[in-house]
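# Understanding the architecture of this molecule
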Amino acid sequence: MNAWWQRRSVRFRLALWYAAATALVLIAFGWFVYEVIEHRLGAEIDRQLRIDFDLIEAQLSLDQEGTVRWNVRGSHGDEGFARISAWFEVWSDNRELLLRHWPILEANIKEAPPAPQTSTLKFATIELEPALFVRVMERPGRVQGRSVIIRVFRDQTEMRRTLREIVEVSVLGFPLAVALAAIGGYLVATRSLRPLDAMARQARRITSESLSKRLPNPNPSDELGRLATVFNETLARLEASFAELQRFTADASHELRSPLTALRAVGEVALRDGDDPATLRETIGSMLEEGERLTDLVDALLTLARMDATNADAAREEVDVAALLDEIRDQFQVLASEKRQTLTVTSDFIAVQADRTLLRLALVNLVHNAIRHSPSGSQISLIAARRAGKIDVSVKDSGPGIAPEYHQKIFERFFRVDKARSRSRGGVGLGLAIAKRAVERNGGQIVVESNSDRGSVFRIELPSWATNA
Ligand code: ADP
C-alpha cells in the first residue's frame, strides 16, 4: 500500500488528500446538522405535549358516579379537531386506567404501554406499532380536586421522516461532493505544479555547455519560486566554478607552454649554430633554468590539487611558531643575503594547534614573495603576536607594495599584478593561492595590508581555538 501510494504522482496524492479532507468535513458537518435538527424537532414535540397536557386537564371532569369524563367542548377550541388529534390516558393514583382516548385502533397496538410507575413528570419514546414511534409525557394532574396521572401522546412519524430525508439527501450528495472535491483538487494541483514541469524541462536542457541558462521563475515569492531561486543560485555558483576551472586549465596550459616553447627554441638554436662550447654551456644553463621553472610550476599545481582534493580539516598538532619562524629565516638566509636583505624574527613563545606542514608552506610562499619583490638592502620582518585571542603571524616587507584594487585578486590562481616583471623574477602566480588555501585548511584567513608605496604586510590570522598557550 505504502509503495503503491509512493508511486502515485503528487497531483494524484494531493487530490486524494483533498477528497479525504472534504469527506471528513462533510461527515462532521452532516452529523452536526442532523443532531441540531433532531434536537430542535424533539424539543418542539415536547413543547406541544405540555400544551396538550394543559388543554386536556382543563377539559376533564367527574360525573355523579365519580367517573372521569372528557368534555371536548372545553374552553379551548374546536371539537372536531380535538376529537381526532387528542391522544391521552387518565390513570388513577393506584395505577387504574380511568379514561383512554387514542386516535388509532387499540386492536392494532402490539403492546399497550404499561401503567405509570411513578407520579412524577416523565418523557419517553415508545414504539407502539412497527415503525410507529410516539413521544409520551406523563405528569400528575387534577380533575375537580381528584389527583390523577395524565399521559399525553404525540406521533413522531413526521419528525422521523424529516430526519430520514436529511440522511437520504446527504448520503446521495456525499459521493458527488467527494468526487467533485477530488476532481477539483486534481485540477488545482495540476495547475499549481505546472511551473515544476516547466522547470524540469528547462533543467533537462542545462548541460555543462549551457550553464548560463536559468530555470523559469514567474513568481519568486511562492514555494516553487523559492526552489527555482535556490536552484538558479546553485547554477550561478556552478557556472562560476566551471568558468574558474576553465580559466585555470587555460592558464595552466599557457604557463606550461611558455617554458616548453623556450626550451625548444633555445635547443633548436643551439643545434643549428652551437659549435662553440661556451655558447652550448650557456644554452644548457638556460634550458635547465626553464626546466626548473617547469618543475616549480608542476610542483605548485600538484600542491594545489592535493589541497583541493581533501576537504576534511587538516590534522592538527602543537606548533611552536617562534621555532617555525626561525627555521624559515634560516632556510631563506642565503637567498636574502644574495640581495643584501635582512630577515628578522620577532616572536614570544607562541604555540598553536595547526598542521605544521601547511602553515610552513604558507609562510615559505609569503617570505619568498617578500624577498623577490623587495629591493636590495631592505629588511623583511617575520612577526608572531597574540591579538584578542587570535594568533597573527605577519610577513612585512618594504617592497613596492600592492594597490588596494589588487588586494583580493592577488590570491587568485595565476594572477600577477605585473605579469612580465613577476615572471622574470621567477614567479608562476600560484604562491599566494597556495598560501591562502593552506591557511584556510588550518581554519584561519590571510589578509594583506599594503599601499603602492609603503611595502606590504601579509598577515595570517589563526582563530582562537588554534591557540594553546
Ligand atoms: P608570483 O609567483 O607571481 O609571486 P603570487 O601568487 O605569489 O605569484 O603573487 C601574486 C602577485 O601578487 C605577484 O605577481 C605580485 O604582483 C603580487 N605580490 C605578491 N607578494 C608581493 C609582495 N610581497 N610585494 C609586492 N607584490 C607582491
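Residues numbered from 1 in each chain as written. Predicted model: local features only at pLDDT ≥ 70, side-chain atom pairs only at ≥ 80, totals over all residues. Heavy atoms only, no water.

### Regarding the overall build of the protein chain
Along the protein chain, the regular secondary structure elements total 10 helices and 14 strands. The C-alpha atoms of the protein chain give a radius of gyration of 51 Å, which is well past the 23 Å a tight globule of 469 residues would have. Each of the three principal axes of the protein chain carries a C-alpha extent, and together these read 165 × 55 × 40 Å. Of all 469 residues assigned to the protein chain, the portion counted as buried reaches 34%. (Helix = DSSP H or I, 4+ residues; strand = E, 2+ residues; numbered from the N terminus. Rg over C-alpha atoms; globule rule 2.2 N^0.38 Å. Buried < 20%, exposed > 50% of the residue type's maximum accessible area, 1.4 Å probe, protein only.)

### A word on unusual backbone geometry
At R95, a position not held by glycine, the phi torsion is positive, near 60 degrees. Looking at where R95 falls in the secondary structure, it is placed in the loop between β3 (88-92) and β4 (97-101). Located in the positive-phi region is A131, a residue other than glycine, with phi close to 65 degrees. Inspection of the secondary structure assignment puts A131 in the loop between β5 (122-129) and β6 (132-143).

### Description of helix α10 (residues 431-441)
Burial within α10 is extensive, with 9 of its 11 residues counted as buried. Restricting attention to buried positions, one finds in α10 the residues G431, L432, A433, I434, A435, R437, A438, V439 and R441. Taken together, the buried residues of α10 touch α6 (277-309), α8 (356-373), β13 (445-450) and β14 (456-462). G443 lies just past α10 and shows a positive phi near 80 degrees. (Contact = heavy atoms within 4.5 Å.)

### Overview of the packing of aromatic side chains
Scanning all chains against the criterion turns up 10 aromatic pairs. Ring centres of W4 and F12 lie 6.2 Å apart, and the angle between their planes is 80 degrees; this geometry places the pair in the edge-to-face category. Residue F12 is classed as partly exposed on the basis of its relative accessible area of 30%. A network of ring pairs unites the aromatic residues W4, W5, F12 and W17 as a single cluster. Here R100 stacks its cationic end above the ring of W102, 4.6 Å away from the centre of that ring. The positively charged end of R160 is found above the aromatic ring belonging to F133, 3.9 Å away from the centroid. (Phe/Tyr/Trp six-rings, centres within 6.5 Å; stacked < 30°, edge-to-face > 60°. Lys NZ or Arg CZ within 6 Å of the ring centre and 35° of its normal.)

### Describing the pattern of salt bridges
Scanning all chains against the criterion turns up 30 salt bridges. Here R264 ties to E268 by a salt bridge, and the two come within 3.4 Å at their closest N and O atoms. Placement of the pair is R264 and E268 together in helix α5 (residues 223-273), with a separation of 4 residues, close to one helical turn. By relative accessible area, which is 59% here, R264 ends up exposed. Assessed through its relative accessible area of 44%, E268 is described here as partly exposed. E449 is the partner of R459 in a salt bridge, and the nearest nitrogen-oxygen pair spans 2.3 Å. Here the residue R459 occupies a position in strand β14, and E449 occupies one in strand β13, the gap between them amounting to 10 residues. Overall, the relative accessible area of 41% leaves E449 in the partly exposed class. Among the ionic contacts, a cluster of salt bridges with common partners joins R387, K390, D392, E449, R459 and E461. (Salt bridge = Lys/Arg side-chain N within 4 Å of Asp/Glu carboxyl O.)

### Quick look at the environment of L263
Examined against the element boundaries, L263 turns out to sit in helix α5. Between the C-alpha atoms of L263 and M287, which are 24 residues apart in sequence, the distance is 5.5 Å. For L263, the contacting residues outside a window of four places in its chain are M287, E290 and L294.

### Let's talk about the nonpolar core
V352, L363, L430 and I460 are the most contacted members of the largest nonpolar core, which has 50 residues in total. Here this core takes 9 residues from α8, the largest share from any one element. Here this core spans two domains, since at least three of its residues come from each of domain 2 (209-311) and domain 3 (317-468). Formed by 18 residues, the second largest nonpolar core is a distinct cluster that contains L49, W70, V143 and V152. (Core = buried A, V, L, I, M, F, W, Y, C linked by side-chain atoms within 4.5 Å. Domains from an automatic or database assignment.)

### As for the pairing of β4
Pairing of β3 with β4 involves 4 bridges; the strand directions are antiparallel. Across the sheet, F88 pairs through a bridge with H101, a residue of β4. Taking the residues between adjacent antiparallel strands as the criterion, β3 and β4 are bridged by 4 residues, where R95 takes a positive phi near 60 degrees. (Pairing = 2+ DSSP bridges.)

### Side note on the domain arrangement of the protein chain
Partitioning the protein chain into structural domains gives domain 1 (7-163), domain 2 (209-311) and domain 3 (317-468). Here domain 1 and domain 3 have C-alpha centroids that lie 103 Å from each other.

### Looking at the environment of R281
Inspection of the secondary structure assignment puts R281 in helix α6. It is 9.7 Å that separates the C-alpha atoms of R281 and A270, two residues lying 11 residues apart in sequence.

### What to know about the pairing of β6
Alignment of β5 against β6, held across 7 bridges, turns out to be antiparallel. Its bridge partner being in β6, A124 is matched across the sheet by V136. Linkage of β5 to β6, two consecutive antiparallel strands, is achieved through a turn of 2 residues, within which A131 is found at a positive phi near 65 degrees. The antiparallel pairing of β6 with strand β7 (residues 146-155) creates a hairpin that spans 2 residues between the two strands, and Q144 there sits at a positive phi of about 45 degrees.

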